[in-house]
Protein chains: 4
Amino acid sequence: MPSEPRFTFGLWTVGNPGRDPFGEPTRAPLDPLDSVRRLAELGAWGISLHDNDLVPWGTGAAEEERIVSGLEAALQETGLGVGMATTNLFGHPAFKDGAFTSNDRGVRRAAIGKAMRAIDLGGRLGAEAFVFWGGREGTEVGTAKDPRDALERYREAIDVLADYSVSQGFGMRFAIEPKPNEPRGDIFLPTVGHALHFITTLARPDMVGVNPEVAHETMAGLSFHHGVGQALWAGKLFHIDLNGQRIGRYDQDFRFGAEDLKEAFHLVRLLERAGYEGPRHFDAHAYRTEDAEGVWEFARGCMATYRALAEAARRFDADPDVREAMEAASVAELGESTVGGDDPETLKGEVERLDALAARGYGNERLDRLAVEVLLGAR
Amino acid sequence: MPSEPRFTFGLWTVGNPGRDPFGEPTRAPLDPLDSVRRLAELGAWGISLHDNDLVPWGTGAAEEERIVSGLEAALQETGLGVGMATTNLFGHPAFKDGAFTSNDRGVRRAAIGKAMRAIDLGGRLGAEAFVFWGGREGTEVGTAKDPRDALERYREAIDVLADYSVSQGFGMRFAIEPKPNEPRGDIFLPTVGHALHFITTLARPDMVGVNPEVAHETMAGLSFHHGVGQALWAGKLFHIDLNGQRIGRYDQDFRFGAEDLKEAFHLVRLLERAGYEGPRHFDAHAYRTEDAEGVWEFARGCMATYRALAEAARRFDADPDVREAMEAASVAELGESTVGGDDPETLKGEVERLDALAARGYGNERLDRLAVEVLLGAR
Amino acid sequence: MPSEPRFTFGLWTVGNPGRDPFGEPTRAPLDPLDSVRRLAELGAWGISLHDNDLVPWGTGAAEEERIVSGLEAALQETGLGVGMATTNLFGHPAFKDGAFTSNDRGVRRAAIGKAMRAIDLGGRLGAEAFVFWGGREGTEVGTAKDPRDALERYREAIDVLADYSVSQGFGMRFAIEPKPNEPRGDIFLPTVGHALHFITTLARPDMVGVNPEVAHETMAGLSFHHGVGQALWAGKLFHIDLNGQRIGRYDQDFRFGAEDLKEAFHLVRLLERAGYEGPRHFDAHAYRTEDAEGVWEFARGCMATYRALAEAARRFDADPDVREAMEAASVAELGESTVGGDDPETLKGEVERLDALAARGYGNERLDRLAVEVLLGAR
Amino acid sequence: MPSEPRFTFGLWTVGNPGRDPFGEPTRAPLDPLDSVRRLAELGAWGISLHDNDLVPWGTGAAEEERIVSGLEAALQETGLGVGMATTNLFGHPAFKDGAFTSNDRGVRRAAIGKAMRAIDLGGRLGAEAFVFWGGREGTEVGTAKDPRDALERYREAIDVLADYSVSQGFGMRFAIEPKPNEPRGDIFLPTVGHALHFITTLARPDMVGVNPEVAHETMAGLSFHHGVGQALWAGKLFHIDLNGQRIGRYDQDFRFGAEDLKEAFHLVRLLERAGYEGPRHFDAHAYRTEDAEGVWEFARGCMATYRALAEAARRFDADPDVREAMEAASVAELGESTVGGDDPETLKGEVERLDALAARGYGNERLDRLAVEVLLGAR
């Protein structure tokens, strides 16, 4: 019997006021502590936060202490946990050319310093993971940055910060969140694959994994569950951002399941089957058309759709027709070693079998139709 | 003074007969030996080939020997080299569900066997690299393959084949060519990043690099020169496929430089500055509107545009206004270490400088406009 | 009580042998008469066809008569109808630069002649509609065709053919099928909107409508049901092509409902509510992984998913919670005249109300979540 | 000898402060009158404006008069003209569900009233065109709006406003600006084609044309110059928005020519050859990395690149090799009538010529390579 998934929401998600590039906010800001209480009522397991979601830029030390203590008390009171903490290295105009990869060394240094302060905050709050989304780490102008230099600086920053976190005794793992573009023309580490490779170059590779986001991989038209699959295969799925997005569009961050239900089903099925134990984190926001009540409807919808898809995945895997179709498609056979110690000459000889091997079908139409039937509640 | 780049063409590129999903061939097939001679006349350095470009599927052993010897003679005669060899694991109907990741173990074994035979051919011809493009390694149906199983089988295949190549004493390096989709709905190892990460999991990671293709990264809207930059940074650019492509479309394989001239400029500038010494390989074909003469016009165009962009890159880097704009954009400063041994408290303290650091501009409009002026021949 | 939708399949859809740009056919060709009988057994209402689906290019007159009579007999025997006929102006290499818009006047004339012959065939078979898909009407090279000339020639061709069809006493309506690209770099009349406008320039605009295809609008990332909505609003939805497609990819033509279930739901709901009475035509094909049985599974799946979504649409519209959410979103109010005869000064005065009008929410999160719940069978 | 193109800039373009969805402004706001003077110095012909670019929302009547008079004086002083005026129906939170197509009738009425006031302003300033960009006219939720109702309301609004403008004696023509998405999930009238069709349904179709924008058509991957070509063919190119954009991304509004130089060349060549006499309007902004000086560098770059491409187009058309290649591609032949009064039987008979017609090539590789050479300044 699977345990209930741990759902978390960023303070900035339910707190999103509905501002966009063409329009002013449509909703009043929320007090983070009110969000905590409301999320607890709705059944969330916890929250996540950027430093400046909680402590606005420019806050003095005493006021910061008051705010952070207030959050600690609210977490205590509600029993909510902190799934992850992160730092906002994209909002301040100083980061317009990047943070860890700004061409200006002073900006890079301040970015590392700001991340250190946020690590302190995350550590204090007991965050499980510390996420790096490098939204400004990119460029619109190809001649402005040698990508090799940028990756070198990115690596330097993560290495220094990993050392720092360990030196402070924090147990947080780091998770890098890739994105292909927006707000920069092209962002470094654009996909889960680029981030997974980057991690192998770090001084503390074991401490760092990825935080894939539905919207970000989907913008580039990549299969999200394949990307997550590669991260799981590598033991590197340290956190995950769930939302909804259409391919080839601006960053939409819609309610989880609002777009591409079948892909959402594949994702949830993979997470559940793989025994992923981290938070199911919703990095999404209510449509700009919504008032305050619509925000909570949005939050309920994220969790309800995840649960419904997890239940559909269990129904799918238990269905005898599905099992038969899986057999016909040789799904389990992909788990078997191909070579099994046979020698090259034997393998070369099997080339002669190709014409015969072409005859069979894989029954994928049936298998996929069964998935659609399960999704539509027809089985 | 840079040496002349080594240009190579696949036999299948100039030999492309203009068949597409909706129409029959518009050109007669070419004799590979005629292609070799014609490419030599045009000034190419060499060729590349799939096993079945040279030796059609189903050819008997004696005829195969005659064909291969004929190619060896033509290479000898013309002085052309072999930039890379590869194996066709996508054309035969047996590969409809994949080759190294087919759900059918028999297909997987035959695929490995076929690759071994092609490695023998590549080794015999003195190919510098052996490329793996896994065009059929994917699926349209998310429940038909666990992506973790697929990656495991992919790794097994490459490991076995690397051992085989070494055992035969061939010096070829392997290069994996990523692609996001087409002909499969979703292909495993969809981008340069995913392939770079995959390589770190192999038994012989040093022997394996990537073969990025303009069209493939561009289909997903990723910056091609950033992907190549990450490969260069990792020391993994073992081969490269040059062509032209619009974002978000079917695989077009247009003449190099036919689409997105500025990105092509960034790419050529990066390759030349990085001292990439491998072949500049054109994996492209003439428009279907062309007759035989149009094919050679296409081939001349690929090389001419590369040369023109390399020349533009040298002009750009030598231009005093560009140097001034680079200075204003702090381009070189990105090459400097950020931290330089300073302690965390110092770095945290620099956060206070952010407001001051926000004031400067980076002059990227000017820098990019200078690039456009150089491209347009105005400087 | 809605009547059963009339489902049709192109002969080329179930007959698709699984050839693609990178691989050979995976299935044997089907005899068109066998397809007719099998579709009848599966409950389809009828078929559609290109001239050369039935009569291969190069067939002599006597053989053509034998083939066509055979189809007539099979239709008679099975009771199937012909939803639409069309002409293949893309397969023959002569059409490599276009058909009605080829730069070669001889090709354009032959294309019109071929279409006339196909109109004769469609008229003889009692087709309801005659479709024009101009797959080759485009270019890869912007300087090769002035788009104004191309549209002028396109218009000339449709005008001549409409006159011809009327002169022969055929009652068929024409339907233009837009597509943005593939197999040409850019195709003229790329979207439903461009085709709707083009129709208004024709000599017989009343006789010509559109044939939108899910895959074609979706390739460009456009909302398919919005495009269909504009066609319905204009009284121009004369035919429709149903299938499945991901945004920004090669033309996939997957089983209807295989991709983006919510958009498919919106489409079916719109067609059913609008009382569209034309055929529900599946222009799709089985995955290349399938054998002969998988093809019929595919055909069953197309129809079953349409029926399931039509049933879901009825459930949705009958649900009291949905009605309440529709009310909260003021859905019906969009059907009311805005101005109602009020004068400009009154309307200008209402600008002062904007701040007050900003307060309300539209409850779209709830409305969309109810749609997801209906889709998932939870209500 | 072509006259100098008339360049215009929106007040919001040079005035863009660099705010984006993830970050705060990076530049101080500009005084519109300073922008006017600076644009005059740079050689622009004129400006364009939204009502609220000049008169902030909430300004009282006396202050509005002072501001407008100030602009009139600055225009008088500098000799600049007003290319177009428009109204901001997207920034105020009341428009979160649409303006002319909001589900709330009160919002729709206020939107029409606000547009009337802006028409008054445009008329007073002597604007040549009045543009409607319906950025909020769309939805994220398919069940929230019947697209037929939305189009009906859109038509009602434009009809009422056209009557109003005529009744006030203003000579302005209207121009509708399509966009596929952002800031709404899907926007009604997503492309030039949809807008051209919509215009044919209006009560005063002659008064209304389109305002295509490079970025908007390009987001959907459509050929911009083909869309403009259809508008020119229909006599409906009333205004044009020039900028730079990559396919399948957020709305970038980069400097004209910053992306896809060859497509920009095709566009400029088409506009110049067609004798388009309206303003060349730059709806773009400087990169967020820029300071105040970078903004003017950006503005200079837009105009300089347009001029350079117009000069390249003249060079291209005058080049003897290009003329020869045009002849080989039969470019002019597309301008000739196809049928010329021949009867159907003659045309049907020409089908027999198809095999012979397939033999020729169209020399498009050469033609396109010549375009690239002209672009690169090599001829």
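Note that the structure is predicted; figures quoted are calculated from it, not measured.

Side note on the packing of aromatic side chains
Given two aromatic rings, one states the distance between the centres and the angle between the planes to describe the pair.
Stage number 1. Within the structure shown, the criterion is met by 68 aromatic pairs over all chains.
Stage number 2. Measuring from ring centre to ring centre gives 6.0 Å for Phe-256 of chain B and Tyr-306 of chain B, while their planes differ by 35°; the resulting arrangement is tilted. With a gap of 50 residues between them, Phe-256 of chain B in the loop between β9 (241–242) and α10 (261–274) and Tyr-306 of chain B in helix α11 (residues 292–318) connect regions that are remote in the sequence. Side by side, Phe-256 of chain B and Tyr-306 of chain B carry an identical accessibility label, which is buried.
Stage number 3. Centre to centre, the rings of Phe-100 of chain D and Phe-132 of chain D are 6.0 Å apart; their planes meet at 55°, and the pair counts as tilted. Within this pair, whereas Phe-100 of chain D is found in the loop between β3 (81–86) and α5 (105–125), its partner Phe-132 of chain D is found in strand β4 (residues 129–133), the two being separated by 32 residues in sequence. When sorted by exposure, Phe-100 of chain D lands in the same class as Phe-132 of chain D, which is buried.

Side note on the sheet that holds strand β8 (residues 208–210) of chain A
Residues and elements named next belong to chain A.
Stage number 1. What the 8 strands build is an open sheet, ordered β8-β6-β4-β3-β2-β1-β10-β9; its pairing is parallel. Here the strands that pair on one side only, and so sit at the sheet edges, are β8 and β9 (241–242).
Stage number 2. In this sheet, strand β2 (residues 46–50) lies alongside strand β1 (residues 7–10) in parallel orientation, the contact comprising 3 bridges. Bridging across to β2, Thr-8 finds its partner in Gly-46.
Stage number 3. Where helix α7 (residues 192–200) meets the sheet, its contacts fall on β6 (173–177) and β8, and the angle it forms with β8 comes to roughly 175°.

Some words on the interface of chain A and chain C
Stage number 1. Between chain A and chain C, the residue contacts involve 39 residues of the former and 39 residues of the latter.
Stage number 2. Carbon and sulfur atoms supply 50% of the area that chain A and chain C bury against each other, a total of about 3400 Å² over both sides.
Stage number 3. It is Glu-365, Arg-369 and Leu-376 of chain A that lose the most area in chain A upon contact with chain C, and together they represent 22% of the buried surface on that side.
Stage number 4. Inspection of the chain A/chain C interface yields 8 salt bridges.

Here we look at the interface of chain B and chain A
Stage number 1. In this assembly, 106 residues from chain B lie in contact with 106 residues from chain A.
Stage number 2. Note on chain B versus chain A: buried area summed over both sides is about 9300 Å², and carbon and sulfur give 60% of it.
Stage number 3. Applying the counting rule to chain B against chain A returns 10 salt bridges.
Stage number 4. In this structure, the salt-bridge partner of Arg-109 of chain A is Asp-342 of chain B, at a minimum N-O distance of 2.6 Å.

Focus: the pairing of strand β3 (residues 81–86) of chain C
Residues and elements named next belong to chain C.
Stage number 1. Burial runs high along β3: 6 of the 6 residues are buried.
Stage number 2. Where strand β2 (residues 46–50) and β3 come together, 5 bridges link them in parallel fashion. Residue pairing for β3: Leu-49 is matched across the bridge by Ala-85.
Stage number 3. As paired elements, β3 and strand β4 (residues 129–133) share 3 bridges and run parallel to each other. Each bridged residue has a counterpart across the sheet, and for Met-84 the counterpart in β4 is Ala-129.
Stage number 4. For the segment spanning β3, helix α5 (residues 105–124) and β4, crossover handedness is right-handed.

Structural notes on the sheet that holds strand β10 (residues 280–282) of chain D
All names here are of chain D.
Stage number 1. Taken in spatial order, the 8 strands line up as β8-β6-β4-β3-β2-β1-β10-β9 in an open sheet, and their pairing is parallel. Either end of the sheet is taken by a strand with one partner, and the two such strands are β8 (208–210) and β9 (241–242).
Stage number 2. Bridging between β9 and β10 involves 2 bridges; their strand directions are parallel. Looking at the pairing, Asp-241 lines up with His-281 of β10.
Stage number 3. Across the sheet, helix α11 (residues 292–318) touches β1 (7–10), β9 and β10, and the angle it forms with β1 is around 145°.

Some points on the relation of the copies chain A and chain C
Stage number 1. Laying chain A over chain C is done by rotating through 180° and shifting 0.0 Å along the axis; what remains is an RMSD of 0.0 Å. Expressed as a symmetry operation, the mapping of one chain copy onto the other fits a two-fold axis.
Stage number 2. Take the interface residues of chain A: 100% of them recur as interface residues in chain C, which is what a same-surface contact looks like.

What to know about the environment of Gly-361 of chain B
Stage number 1. Tracing the backbone shows Gly-361 of chain B in the loop between α14 (354–357) and α15 (364–375).
Stage number 2. Take Gly-361 of chain B: its relative accessible area is 16%, and that puts it in the buried class.
Stage number 3. Taking the C-alpha atoms as reference, Gly-361 of chain B lies 43 Å from Thr-8 of chain B; in sequence the two are 353 residues apart.
Stage number 4. Beyond its immediate sequence surroundings of up to four residues, Gly-361 of chain B is in contact with Lys-96 of chain A, Ala-328 of chain B together with Thr-289, Glu-290 and Asp-291 of chain D.

Quick notes on the nonpolar core
Stage number 1. Ranked by size, the top nonpolar core spans 480 residues in total, and within it Phe-100 of chain A, Phe-100 of chain B, Phe-100 of chain C together with Phe-100 of chain D carry the most contacts.
Stage number 2. Not counting the four nearest positions on each side in its chain, Phe-100 of chain D is found in contact with Leu-89, Arg-108, Ala-111, Ile-112, Ala-115, Phe-132, Glu-137, Arg-153, Tyr-154, Ala-157, Ile-158 and Leu-161 of chain D.
Stage number 3. Counting 6 residues, the second-largest nonpolar core is a separate cluster that includes Trp-12, Met-84, Ala-129 and Phe-238 of chain A.

As for the pattern of salt bridges
Stage number 1. As enumerated under the stated definition, the model contains 188 salt bridges over all chains in all.
Stage number 2. Between Glu-293 of chain A and Arg-38 of chain A there is a salt bridge, with its nearest N and O atoms 3.5 Å apart. A residue pair is termed long-range when its members are at least 10 positions apart, and Glu-293 of chain A in helix α11 (residues 292–318) and Arg-38 of chain A in helix α2 (residues 32–42) qualify at 255 residues.
Stage number 3. Since its relative accessible area comes to 40%, Glu-293 of chain A is described here as partly exposed.
Stage number 4. In this structure, the salt-bridge partner of Arg-314 of chain D is Glu-311 of chain D, at a minimum N-O distance of 3.7 Å. On the criterion of helical spacing, the pair formed by Arg-314 of chain D and Glu-311 of chain D is a turn pair, its members being 3 residues apart in helix α11.
Stage number 5. With relative accessibility at 36%, the residue Glu-311 of chain D sits in the partly exposed group.
Stage number 6. One continuous salt-bridge network, built from bridges that share partners, spans Arg-38, Glu-41, Glu-293, Glu-297 and Arg-300 of chain A together with Asp-319, Asp-321, Glu-324, Arg-366, Arg-369, Glu-373 and Arg-379 of chain C.

Concerning the pairing of β1 of chain D
All names here are of chain D.
Stage number 1. What you see with β1 is no split at all: Phe-7 and Phe-9 on one side and Thr-8 and Gly-10 on the other are buried throughout.
Stage number 2. In this sheet, β10 lies alongside β1 in parallel orientation, the contact comprising 3 bridges. Bridging from a neighbouring strand, Thr-8 pairs with His-281 of β10.

Focus: the confidence of the model for chain A
Stage number 1. In the predicted model, chain A carries a mean pLDDT of 97, and the fraction of residues at 70 or more is 99%.
Stage number 2. Confidence estimates for the predicted assembly give a pTM of 0.98 and an ipTM of 0.98.

Topic: the side chain of Glu-156 of chain B
Stage number 1. Within the element layout of this structure, Glu-156 of chain B appears in helix α6 (residues 147–167).
Stage number 2. A relative accessible area of 15% means that Glu-156 of chain B is categorised as buried.
Stage number 3. Here the side chain of Glu-156 of chain B touches Ser-337 of chain A through a polar contact of 2.7 Å, side chain to side chain.
Stage number 4. With sequence-adjacent residues up to four places away left out, Glu-156 of chain B is seen in contact with Ser-337, Thr-338, Val-339 and Gly-340 of chain A.

Regarding unusual backbone geometry
Stage number 1. In this chain, Glu-182 of chain A is followed by Pro-183 of chain A through a cis amide linkage whose omega measures 15°.
Stage number 2. Assignment of secondary structure puts Pro-183 of chain A in the loop between β6 and β7 (186–187).
Stage number 3. Of note, the phi angle at Leu-189 of chain B is positive, near 55°, even though the residue is not glycine.
Stage number 4. Here Leu-189 of chain B falls in the buried class, since its relative accessible area comes to 2%.
Stage number 5. Of note in this structure, Asp-260 of chain B is not a glycine but carries a positive phi near 55°.
Stage number 6. Looking at the secondary structure, you find Asp-260 of chain B in the loop between β9 and α10.

Quick look at the relation of the copies chain B and chain A
Mapping between the two chain copies consists of a rotation about an axis together with a translation along that axis.
Stage number 1. Here chain B sits on chain A after a turn of 180° about the axis and a move of 0.0 Å along it, with an RMSD of 0.0 Å.
Stage number 2. Interface overlap between copies is the fraction of interface residues in one copy that are interface residues in the other; for chain B against chain A it reaches 100%, indicating a shared surface.

Quick look at helix α15 (residues 364–375) of chain C
Residue and element names in this part refer to chain C.
Stage number 1. In this model, α15 (12 residues) spans 16 Å end to end at C-alpha, consistent with the 16 Å of a helix rising 1.5 Å per residue.
Stage number 2. Counting buried positions along α15 yields 11 of 12 residues, so the element is predominantly enclosed.
Stage number 3. When we look at burial in α15, the residues that qualify are Asn-364, Glu-365, Leu-367, Asp-368, Arg-369, Leu-370, Ala-371, Val-372, Glu-373, Val-374 and Leu-375.
Stage number 4. Residue Gly-377 follows α15 closely and has a positive phi angle near 80°.

Observations concerning the environment of Ala-264 of chain C
All names here are of chain C.
Stage number 1. Note that Ala-264 resides in helix α10 (residues 261–273).
Stage number 2. Sequence-wise, Ala-264 and Leu-242 are 22 residues apart; in three dimensions their C-alpha atoms are separated by 9.2 Å.
Stage number 3. The residues contacting Ala-264, other than those within four sequence positions of it, are Phe-256 and Leu-309.

What counts, and at which threshold
- Residues numbered from 1 in each chain as written.
- Chains lettered and ligands numbered in written order.
- Predicted model: local features only at pLDDT ≥ 70, side-chain atom pairs only at ≥ 80, totals over all residues.
- Heavy atoms only, no water.
- Phe/Tyr/Trp six-rings, centres within 6.5 Å; stacked < 30°, edge-to-face > 60°.
- Helix = DSSP H or I, 4+ residues; strand = E, 2+ residues; numbered from the N terminus.
- Buried < 20%, exposed > 50% of the residue type's maximum accessible area, 1.4 Å probe, protein only.
- Pairing = 2+ DSSP bridges.
- Contact = heavy atoms within 4.5 Å.
- Axes fitted to C-alpha atoms, helices over the stretch in contact; angles between N-to-C directions.
- Buried area = accessible area lost by both parts, 1.4 Å probe.
- Salt bridge = Lys/Arg side-chain N within 4 Å of Asp/Glu carboxyl O.
- Right-handed = clockwise from strand over helix to strand, strands pointing away.
- Least-squares fit on C-alpha atoms with pLDDT ≥ 70 in both.
- Core = buried A, V, L, I, M, F, W, Y, C linked by side-chain atoms within 4.5 Å.
- pLDDT = per-residue confidence, 0-100.
- Polar contact = N/O pair within 3.5 Å; in protein donor to acceptor, adjacent residues only side chain to side chain.
- Expected span 1.5 Å × (residues − 1).

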